[in-house]
Structures are given as structure tokens and as C-alpha cells.
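Take a look at the letters that make up each chain.
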Amino acid sequence: MSDSVQEQIAEVIKNNDILLFMKGTPQMPQCGFSQRVCAILQEQGVPFAAINVLLDPAVREGIKVFSDWPTIPQLYVKGEFIGGCDIVSEMHEDGELATLLAPFKAGDAGKA
Amino acid sequence: MSSVNPEALKALVLAHIKDAEVEVRCYSGDDHFEMTVISSQFEGKPRIVRHKMVYAALGDNMRQAVHALALKTKTPEEAAS
């Protein structure tokens with residue numbers, strides 16, 4: 001694993017408040033779990049950046065090492081690893097995610 | 001891709017998280033699983049840590065055979081509520 005990939009991952013996480021590492025794109029997800037997390041973020045009404053790990057095997061493996069997490073998708077908020085599809089789904093259902101993402105909602109900041 | 005026996009996954013978790021109550025179900029073919037693990041060892045731990053405990057128990061099975069594992073982790077109190 002080259003260090004530069006890890007550095008690039010750190011950099012892109014730092015530069016994007018809500019960042020999803022996924023298979024495919026939000027417009028065309030290539031995996032049901034990535035699709036589910038995209039749908040949740042869209043339902044939450046927050047803008048998010050997405051990285052398609054299928055485009056680069058080094059990033060696909062690199063993000064697993066970076067997060068010490070074996071699966072994709074992976075959601076980062078403000079530089080913090082939140083979790084994969086299961087955790088994001090659970091947080092969405094119990095309202096925790098809405099609280100976490102409230103500061104990033106356009107127009108109704110703080111409403112949670 | 002080789003198929004994984006849900007019972008084998010359950011045994012792996014039980015070997016590492018001794019007091020766990022584990023339920024494994026297959027869905028969509030033989031390489032997608034849904035697993036619920038209930039253990040007092042999850043108390044006070046965030047979800048990411050809990051999931052990592054289960055992933056660690058599954059070891060190489062997680063990476064190789066289980067393409068997708070839908071995982072839920074609960075403490076006995078959370079499971080009861």
C-alpha cells in the first residue's frame with residue numbers, strides 16, 4: 001500500500017464535510033448497500049461528496065486500511081468515520097443521523 | 001466464490017464473544033447474510049467498535065466468502081427494549 005494513497009484519502013476526507021466512499025455513483029450506484037446509504041443521505045437532505053472506489057483499486061483497498069473497516073460503503077462526516085450501511089441505516093432509523101447531519105442541512109440548520 | 005455456512009459464522013462469533021446470542025439468516029443467494037449479535041460485551045461501546053469485534057471474530061471469512069454481511073449489534077438491555 002503506497003503512503004501517497006493514504007495521504008490522498010486523508011486529504012479528501014479533510015476537504016469534504018460529508019463524504020461517502022461507495023461503489024458506483026449516487027446517480028448510478030453499483031451495489032445495493034451503496035445505493036441505500038445514498039438514498040438515506042438524499043432523504044436527510046444534505047449535500048455530500050462521493051468517491052467511486054470502483055474507479056481505482058488502490059483507493060478501494062486503501063480506504064479499508066485507512067478506516068480499518070472491511071467493507072464499502074463508508075461514510076465520513078467532518079473527518080470522522082461514521083460507519084457502513086448497517087450503522088448508517090440504524091442511525092437513520094433512530095434519529096441519531098438527523099442530529100449528526102443537522103448542521104449541514106441547507107436552509108434549516110439546527111433543526112433536528 | 002465458495003458458500004459459507006451460516007452455522008459456521010455463528011460458531012466463529014461464539015468462539016470470540018463467549019456470551020453472545022447470535023442469529024444468522026441467509027438472503028439473496030448463499031453469500032449474503034443478516035446477523036444479529038447480542039452480547040453484554042457491547043455495553044458502553046460505540047457501534048463501530050462493536051462491529052469491529054464481530055468482524056475480527058469472523059476473520060478471513062469476512063473478506064473472502066461473505067460478500068455482504070448485514071450486521072446488527074445490541075446489548076442485552078437494548079435487545080430487550
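That block above? That's the structure.
First, a word on scope: everything that follows refers to the structure included in this document.

Turning our eyes to something else, we now look at the interface of chain B and chain A. At the junction of the two partners, chain B supplies ten residues and chain A supplies seven residues. When contributions to the side of chain B that touches chain A are tallied by element, the ones reaching two or more residues are helix 2 (47–58), helix 3 (60–64) and strand 3 (68–74) of chain B.

The next thing to look at is the sheet that holds strand 3 of chain B. All names here are of chain B. Taking strand neighbours across the sheet as the criterion, the three strands line up as 1-2-3 in an open arrangement whose pairing is mixed. Two strands close off the open sheet at either side, each with one partner strand: strand 1 (21–26) and strand 3. Across the sheet, the mean angle separating the axes of adjacent strands is 15° when strand polarity is ignored. Sheet topology places strand 1 next to strand 2 (residues 32–38); six bridges connect them, and they run antiparallel.

This part is about the packing of helix 2 (residues 32–44) of chain A against helix 4 (residues 85–93) of chain A. Residues and elements named next belong to chain A. Relative to each other, helix 2 and helix 4 sit at 30°, their axes nearing to 10 Å. If you check the angle between helix 2 and helix 4, you find them roughly parallel. Handedness of the crossing formed by helix 2 with helix 4: left-handed. Residue-level contacts link Phe33, Arg36, Val37 and Ile40 of helix 2 to Cys85, Val88, Ser89 and His92 of helix 4.

Either a parallel or an antiparallel arrangement is found when strands of a sheet pair, and the pairing is made through backbone hydrogen bonds. All names here are of chain A. In spatial order, the strands read 2-1-3-4; together these four strands make up an open sheet with mixed pairing. Pairing within the sheet leaves two strands with one partner each, and these edge strands are strand 2 (49–52) and strand 4 (80–83). Strand-to-strand twist in this sheet, taken as the mean axis angle between neighbours without regard to direction, amounts to 25°. With four bridges connecting them, strand 1 (residues 18–22) and strand 3 (residues 74–77) associate as antiparallel partners. Bridged to Ile18 within strand 3 is Val77.

Criteria and thresholds
Residues numbered from 1 in each chain as written. Chains lettered and ligands numbered in written order. Predicted model: local features only at pLDDT ≥ 70, side-chain atom pairs only at ≥ 80, totals over all residues. Contact = placed C-beta atoms within 7 Å. Helix = DSSP H or I, 4+ residues; strand = E, 2+ residues; numbered from the N terminus. Pairing = 2+ DSSP bridges. Axes fitted to C-alpha atoms, helices over the stretch in contact; angles between N-to-C directions. Parallel < 35°, antiparallel > 145°, perpendicular 65-115°, else oblique. Left-handed = near helix turned anticlockwise from the far one by under 90°.

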